[in-house]
4 protein chains.
Amino acid sequence: MSKIPTSIDIEIRVRYPEVDQMGVLHHSRYWVYFEMGRTELLRAQGMVYADLEKADVLFVVANCSAKYKHPAHYDDLLTLHTEITKHGACRIDHAYELKRKSDGLLLATAQTTIASVNKEGRIIPIPDSIGFVE
Amino acid sequence: MSKIPTSIDIEIRVRYPEVDQMGVLHHSRYWVYFEMGRTELLRAQGMVYADLEKADVLFVVANCSAKYKHPAHYDDLLTLHTEITKHGACRIDHAYELKRKSDGLLLATAQTTIASVNKEGRIIPIPDSIGFVE
Amino acid sequence: MSKIPTSIDIEIRVRYPEVDQMGVLHHSRYWVYFEMGRTELLRAQGMVYADLEKADVLFVVANCSAKYKHPAHYDDLLTLHTEITKHGACRIDHAYELKRKSDGLLLATAQTTIASVNKEGRIIPIPDSIGFVE
Amino acid sequence: MSKIPTSIDIEIRVRYPEVDQMGVLHHSRYWVYFEMGRTELLRAQGMVYADLEKADVLFVVANCSAKYKHPAHYDDLLTLHTEITKHGACRIDHAYELKRKSDGLLLATAQTTIASVNKEGRIIPIPDSIGFVE
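For clarity, every value in this text was computed on a predicted model and none was experimentally measured.

## Description of the overall build of chain A
Consideration 1: When its secondary structure is counted, chain A shows 2 helices and 5 strands.
Consideration 2: Each helix (α) and strand (β) of chain A, taken in turn from the N terminus, gives the series β-α-α-β-β-β-β.
Consideration 3: Taking 14 Å as the expected radius of gyration for a compact globule of 134 residues, we find that chain A reaches 16 Å, a close match to that expectation.
Consideration 4: Expressed along its principal axes, the backbone C-alpha trace of chain A runs to roughly 45 × 40 × 25 Å.
Consideration 5: Taking all 134 residues of chain A together, 37% fall into the buried category.
Consideration 6: In chain A, once contacts between residues fewer than 6 apart in sequence are set aside, the share between residues at least 24 apart is 67%.

## What to know about the interface of chain A and chain D
Consideration 1: Listed as interface residues are 10 residues of chain A and, on the opposing side, 10 residues of chain D.
Consideration 2: Looking at the side of chain A that touches chain D, the element that brings in the most residues is helix H1 (residues 30-44) of chain A, giving 3 residues.
Consideration 3: Of the residues in the side of chain A that touches chain D, the class split is 7 nonpolar, no polar and 3 charged.

## Quick notes on the sheet that holds strand S4 (residues 91-100) of chain B
Strand pairing within a sheet occurs via backbone hydrogen bonds; the two strands may be parallel or antiparallel.
Consideration 1: Strand order in the open sheet formed by 10 strands is S1(B)-S3(B)-S4(B)-S5(B)-S2(B)-S2(D)-S5(D)-S4(D)-S3(D)-S1(D), and the pairing between neighbours is antiparallel. Each having just a single partner strand, strand S1 (7-13) of chain B together with strand S1 (7-13) of chain D make up the two edges of the open sheet. Put simply, the sheet's adjacent strands are angled 25 degrees from each other on average, direction ignored.
Consideration 2: Note that strand S3 (residues 77-87) of chain D and strand S4 (residues 91-100) of chain D share 9 bridges and pair antiparallel. Bridge pairing links D:Leu78 to D:Arg100 in S4(D).

## Observations regarding the interface of chain C and chain A
Consideration 1: Taken together, the contact pairs 16 residues of chain C with 16 residues of chain A.
Consideration 2: Listed by contribution, the elements that provide at least two residues to the side of chain C that touches chain A are helix H1 (30-44) and strand S2 (58-68) of chain C.
Consideration 3: Here the side of chain C that touches chain A gets 9 residues from one element, more than from any other, and that element is S2(C).
Consideration 4: Grouping the constituent residues of the side of chain C that touches chain A by class yields 10 nonpolar, 5 polar and 1 charged.

## Quick notes on the sheet that holds strand S4 (residues 91-100) of chain A
Consideration 1: Ordered by their spatial adjacency, 10 strands build an open sheet running S1(A)-S3(A)-S4(A)-S5(A)-S2(A)-S2(C)-S5(C)-S4(C)-S3(C)-S1(C), and the pairing between neighbours is antiparallel. In the strand order of this sheet, the two ends are held by strand S1 (7-13) of chain A together with strand S1 (7-13) of chain C, each with one partner. For this sheet, the mean inter-axis angle between neighbouring strands, taken without regard to orientation, is 25 degrees.
Consideration 2: Most of the contacts of H1(A) go to S1(A), to which it runs at about 135 degrees, and overall it touches S1, strand S2 (58-68), strand S3 (77-87), S4 and strand S5 (106-117) of chain A.

## Topic: the relation of the copies chain C and chain A
Consideration 1: Once chain C is rotated about the relating axis by 180 degrees and shifted along it by 0.0 Å, it coincides with chain A to within an RMSD of 0.0 Å. Both copies are brought into coincidence by an operation consistent with a two-fold rotation axis. Minimal C-alpha separation from the rotation axis in chain C is found for C:Ser65, amounting to 2.0 Å.

## A closer look at the pairing of strand S3 (residues 77-87) of chain B
Residues and elements named next belong to chain B.
Consideration 1: Relative to S3, S1 is paired through 7 bridges, and the arrangement is antiparallel. Within the sheet, the bridge partner assigned to Asp-9 lies in S3 and is His-81.
Consideration 2: In this antiparallel pair of consecutive strands, S3 and S4, the connection spans 3 residues.

## So, the relation of the copies chain A and chain D
Consideration 1: Take chain A, turn it by 180 degrees, move it 0.0 Å along the axis, and it overlays chain D with an RMSD of 0.0 Å.
Consideration 2: When the interface residues of chain A are mapped onto chain D, 100% of them again fall at the interface, so both copies present the same face.

## So, helix H1 (residues 30-44) of chain B
All names here are of chain B.
Consideration 1: Under the 1.5 Å per step criterion, the end-to-end length of H1 is 21 Å for 15 residues, consistent within 8% with the ideal 21 Å.
Consideration 2: Taken together, the buried positions of H1 are Tyr-30, Trp-31, Tyr-33, Phe-34, Glu-35, Gly-37, Arg-38, Thr-39, Leu-41 and Leu-42.
Consideration 3: The elements touched by buried residues of H1 are S1, helix H2 (49-54), strand S2 (58-68), S3, S4 and strand S5 (106-117).
Consideration 4: Gly-46 occupies a position one or two residues after H1 and carries a positive phi of about 90 degrees.

## Remarks on the environment of C:Val48
Consideration 1: Along the polypeptide, C:Val48 turns up in the loop between H1 and helix H2 (49-54).
Consideration 2: Considered as a pair, C:Val48 and C:Pro125 are 77 residues apart in the sequence and their alpha carbons are 18 Å apart.

## A short note on the pairing of S4(B)
Residues and elements named next belong to chain B.
Consideration 1: In terms of strand pairing, S4 meets S5 through 9 bridges, oriented antiparallel. Across the sheet, residue Asp-93 finds its bridge partner in S5, namely Thr-113.
Consideration 2: Remark: 5 residues form the turn of the hairpin made by S4 and S5, two consecutive strands paired antiparallel; Gly-104 in that turn has positive phi of roughly 75 degrees.

## Comments concerning the confidence of the model for chain A
Residues and elements named next belong to chain A.
Consideration 1: Within chain A, residue pLDDT values average 93, and 94% of them lie at 70 or more.
Consideration 2: S1 holds the highest mean pLDDT among the elements of chain A, 98, whereas helix H2 (residues 49-54) holds the lowest, 93.
Consideration 3: Scoring the predicted complex yields pTM 0.94 and, for the interface, ipTM 0.93.

## Side note on the environment of A:Tyr68
Consideration 1: Along the chain, the position of A:Tyr68 falls in strand S2.
Consideration 2: Residue classification places A:Tyr68 among the buried residues on the basis of 22 C-beta atoms within 10 Å.
Consideration 3: As for A:Tyr68 and A:Ala115, which are separated by 47 residues in sequence, their C-alpha atoms are 24 Å apart.
Consideration 4: Among residues more than four places away in sequence, those in contact with A:Tyr68 are A:His27, A:Ala108, C:Val61, C:Ala62 and C:Asn63.

Parameters and conventions
- Residues numbered from 1 in each chain as written.
- Chains lettered and ligands numbered in written order.
- Predicted model: local features only at pLDDT ≥ 70, side-chain atom pairs only at ≥ 80, totals over all residues.
- Helix = DSSP H or I, 4+ residues; strand = E, 2+ residues; numbered from the N terminus.
- Rg over C-alpha atoms; globule rule 2.2 N^0.38 Å.
- Buried ≥ 20, exposed ≤ 12 C-beta atoms within 10 Å, placed from the backbone.
- Contact = placed C-beta atoms within 7 Å.
- Nonpolar A, V, L, I, M, F, W, Y, C, P; charged D, E, K, R; others polar.
- Pairing = 2+ DSSP bridges.
- Axes fitted to C-alpha atoms, helices over the stretch in contact; angles between N-to-C directions.
- Least-squares fit on C-alpha atoms with pLDDT ≥ 70 in both.
- Expected span 1.5 Å × (residues − 1).
- pLDDT = per-residue confidence, 0-100.

Here's what the structure looks like:
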């Protein structure tokens, strides 16, 4: 029996306009990368987030925190590890580790809590079909 | 009788993450500023673009061109002149001039053609209520 | 004797491409707004962050956290309260409250810790001239 | 003898915050994709743009134009064709075609002219080492 993955590693190359005049990846862009991690984890689980939205299941970030340890630079190839750390009826917690691929240097760690809502913004249970709810 | 304005000047301050590691406003961000010019011109005409969208009238950019003459830097205060240069049943052309406020240096000029579409992406006439169609 | 301000309120209007297909301000953009709050607080204190960078004093975000309570929408006018909550030799903590201006609804709260570094990324003391270090 | 490539195809997946509340890739983001095309074309030619910048050779966009034919949506996999159409001592022209990968639908075409400048913004010859100048 195949096991549903609860973590995934993806590679991301830093784009030019993601870097600010200090020459480092702007702290706001990390959240875009973390979202890409969640999307690809869902895909690895057999789901497409775009389809969830069409079925009126939206995942919104309820809270988040991050520690920035070392900067990333333009054109750096990064490895993002995204992991589900907790899930409930209506929420999922993820943890993230972003590393520089060339030497494995840990650049940042972060956590988010995602809530499942409908288009009206009301909290709704994560559909059973998503499967990874215990 | 009050005349409907066909141009507007707005001020924009360059934000930190809009500037790239060359220390200049990234060329892609200008289009965000030009869109702000269109939004404020509409508002000066008594319309709110957000309301148009609710009435299923979407303005999409069909084509555009720009000349970049001098760079803008972080924290620069800019003046954007937005002007309607042509309008038809289903499209509006705008021209833009972006200047540095302190000395009036012309940074960029641009043009866009906006098409009026519904949520299905079909070209639709610009509603009469918009008024600025001749 | 005039007192150096340790907090500031600024207004921000939500831009079109800052909103995602859910129709809400994307969670990553809040950090851009919070940075604008820090910039304007510095300006109210008589400093220009761009000048600090020229003097080789860079402020980098070392850690951050946020709670998202209610969504913001396109064209909403928001009020951002930015406040220094703690400062040391090499770091400053800020707290943020983002509200919808029309009715004062609290949309999000957040905290950041900023570290003072030079271009090589080494932690350096915040210059005395900045003044707000006790 | 191996020939230096003058065009390249890359794949890009549309990210969530690149899409606006119309549900389509915002017109400003296309320029970020086109820049990625130029970066990867340089890499295929054996150069890394980040290294050029370290050698005080900056490529800035002098002018651009685009036609938007069909929208791209969140999570769409796109194919970007980037091609050098003209090059001189100090400038390079590129043409772009962005297609939806699944069915080859042409979404947009565009052109840019890139100028070679130094950190002071002065036009400089493209270094011979770049090689693709005839």
